[in-house]
Amino acid sequence: MTSSTVLHRARASIVARAVAGLFLFGFSAVGAEAASCGTAVQPGQHSLTFQSGGVTREAVYVIPSSYTGKKKVPLVLDFHGSNSNPSVQMKRSHWDEVAEREGFVVMALAGSLKGELPNTHAWNVPGVTQGEGADESVAIRDAVKLAKDTLCIDSTKVYASGYSGGGRMLSQYICNGYGDFAAAGFVMGLRAGTPVEENGVWRPRRASCQPSRPVSIIAFSGMKDHVNPFDGGGKAYWRYGGEVALNRWAELNGCATRPQTETGTSADVSRYLGCRAGTSVISYVIANADHAWPARTVLFQLASAGDKAIREVDATDRMWDFFRTSGGEMMAGNAVGASCADGQTTASIENGGQGKTCKQSSTHDNSVPVVSGDL
């Protein structure tokens with residue numbers, strides 16, 4: 001179900017930044033302060049436009065059918081890749097389906113730059129993008145605040161995920177000190193600051209990544225990703241590798257220097273322990289994955305916890321488990337294929353759990369349009 005709505009924010013501080021229009025979901029400006037909880041909202045997927053910094057921004061958001069407006073629910077923001085848009089990203093990540101099942105709100109914003117294909121967008125990533133786009137950080141902050149002001153959102157359970165260019169945007173947003181998100185997930189796009197070459201080695205510029213607080217990080221990377229190579233290189237915005245980015249986030253979060261790692265036939269899983277404020281940094285490096293969101297043919301094991309048996313989930317479900325456990329205390333094991341040979345098992349990372357693992361290629365979701373250019 002899709003409807004078109006326009007936002008209006010009457011609070012003086014937001015008006016000063018030129019955020020105007022009609023209130024989200026039809027709420028009046030007078031009732032803004034009381035509208036966040038206590039008002040039911042029509043479920044389904046909706047279109048959204050709002051003004052931020054004098055620029056009209058676009059988004060889609062999904063309200064689960066269980067939403068009553070009386071109980072605070074989590075919020076997940078989903079950032080699309082370059083040459084894409086919020087609707088395509090939602091099809092790619094299927095956060096809408098997870099939100100409906102688990103009872104939280106998801107919102108996908110559109111970047112301010114025009115993509116190379118019709119009706120697509122890209123992000124004006126601070127420090128690396130050479131484009132005349134709007135201030136993305138202001139728009140992200142405004143979107144989070146608007147959701148909190150107009151929906152019954154649990155402020156302690158606001159999360160975000162980013163794919164490729166959206167992951168780079170999300171990385172820099174957190175690096176720039178915005179502390180909106182309790183945890184963040186990345187698919188083919190984790191960064192830890194702008195790249196700089198020192199003595200012939202590319203690494204993150206330390207001054208360009210200064211988060212305001214520790215934040216839990218989960219990242220999915222592909223060894224066959226030639227757009228954002230895990231081993232480094234690539235475009236000027238990339239340069240240093242995925243392991244370098246992970247090590248830097250572990251350092252920023254005060255984690256142990258060396259990760260706990262399990263090597264599997266289809267994926268390597270690394271977890272940095274002892275991080276501050278109960279946070280975690282977890283990485284999946286998938287052997288046969290290219291520059292695509294891991295499709296549902298690539299599954300990940302969750303170790304048994306109490307009475308729960310080992311479960312197999314895809315990347316988005318794994319990300320949600322990580323978010324809702326505030327750093328992924330439900331430890332993950334190897335990626336597993338949709339079908340494996342009998343008797344092919346491996347021990348999970350914790351609690352001696354058992355599960356299957358077999359070689360499985362990551363493929364594009366056929367429902368998602370194929371786009372060219374840098375994702």
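Residues numbered from 1 in each chain as written. Predicted model: local features only at pLDDT ≥ 70, side-chain atom pairs only at ≥ 80, totals over all residues. Heavy atoms only, no water.

A. Focus on the overall build of the protein. For the protein, the helix and strand inventory stands at seven helices and 20 strands. Within the protein, the proportion of its 375 residues that are buried is 56%. Taking the contacts inside the protein whose residues are at least 6 apart along the sequence as the reference set, 66% of them involve residues at least 24 apart. When the accessible area of the protein is evaluated, it comes to approximately 15,200 Å², of which 49% is carbon and sulfur surface. (Helix = DSSP H or I, 4+ residues; strand = E, 2+ residues; numbered from the N terminus. Buried < 20%, exposed > 50% of the residue type's maximum accessible area, 1.4 Å probe, protein only. Contact = heavy atoms within 4.5 Å. Areas by Shrake-Rupley, 256 points an atom, 1.4 Å probe, with all protein chains shown as cover.)

B. Region of interest: the packing of aromatic side chains. Taken as a whole and assessed by the stated rule, the structure comprises 13 aromatic pairs. With a centroid separation of 5.0 Å and an interplanar angle of 15°, the aromatic rings of Tyr-159 and Phe-323 are classed as stacked. Of this pair, Tyr-159 sits in strand E8 (residues 153–163) while Phe-323 is found in helix H7 (residues 315–324), placing the two residues 164 residues apart along the sequence. For the residue pair Tyr-159 and Phe-323, the accessibility class agrees, reading buried in each case. Within the aromatic cluster, the residues linked to one another by ring pairs are Trp-95, Phe-104, Tyr-159, Trp-320, Phe-322 and Phe-323. (Phe/Tyr/Trp six-rings, centres within 6.5 Å; stacked < 30°, edge-to-face > 60°.)

C. Structural detail: the confidence of the model for the protein. On average, residues of the protein score 80 in pLDDT, and 75% of them are at 70 or above. In the predicted structure, residues 1–34 sits below a pLDDT of 50 and forms 82 contacts with residues beyond four places in sequence or in another chain. The low-confidence segment residues 336–375, where pLDDT is below 50, has 112 contacts with residues more than four positions distant or belonging to other chains. (pLDDT = per-residue confidence, 0-100.)

D. Here's a closer look at unusual backbone geometry. Despite not being glycine, Asn-83 has its phi angle at roughly 60°, a positive value. Relative accessible area serves as the criterion here: at 3%, Asn-83 is assigned to the buried category.

E. Here's a closer look at the pattern of salt bridges. Within the structure shown, the criterion is met by eleven salt bridges. Two residues, Glu-136 and Arg-57, come together in a salt bridge whose shortest N-O distance is 2.6 Å. Taken together, the residues span a long stretch of sequence, with Glu-136 in helix H4 (residues 136–150) and Arg-57 in strand E3 (residues 55–63) at a distance of 79 residues. Looking at Glu-136, the relative accessible area reads 1%, which means it is buried. A residue is classified by how much of its surface remains accessible, and Arg-57, at 5% relative accessible area, is buried. As a salt-bridge pair, Asp-314 and Arg-296 come within 3.8 Å of each other at their nearest N and O atoms. Placement of the pair is Asp-314 in the loop between strand E17 (311–313) and H7 and Arg-296 in the loop between strand E15 (281–286) and strand E16 (298–302), with a sequence separation of 18 residues. Among the charged side chains, a network of salt bridges with common partners joins Glu-97, Arg-296 and Asp-314. (Salt bridge = Lys/Arg side-chain N within 4 Å of Asp/Glu carboxyl O.)

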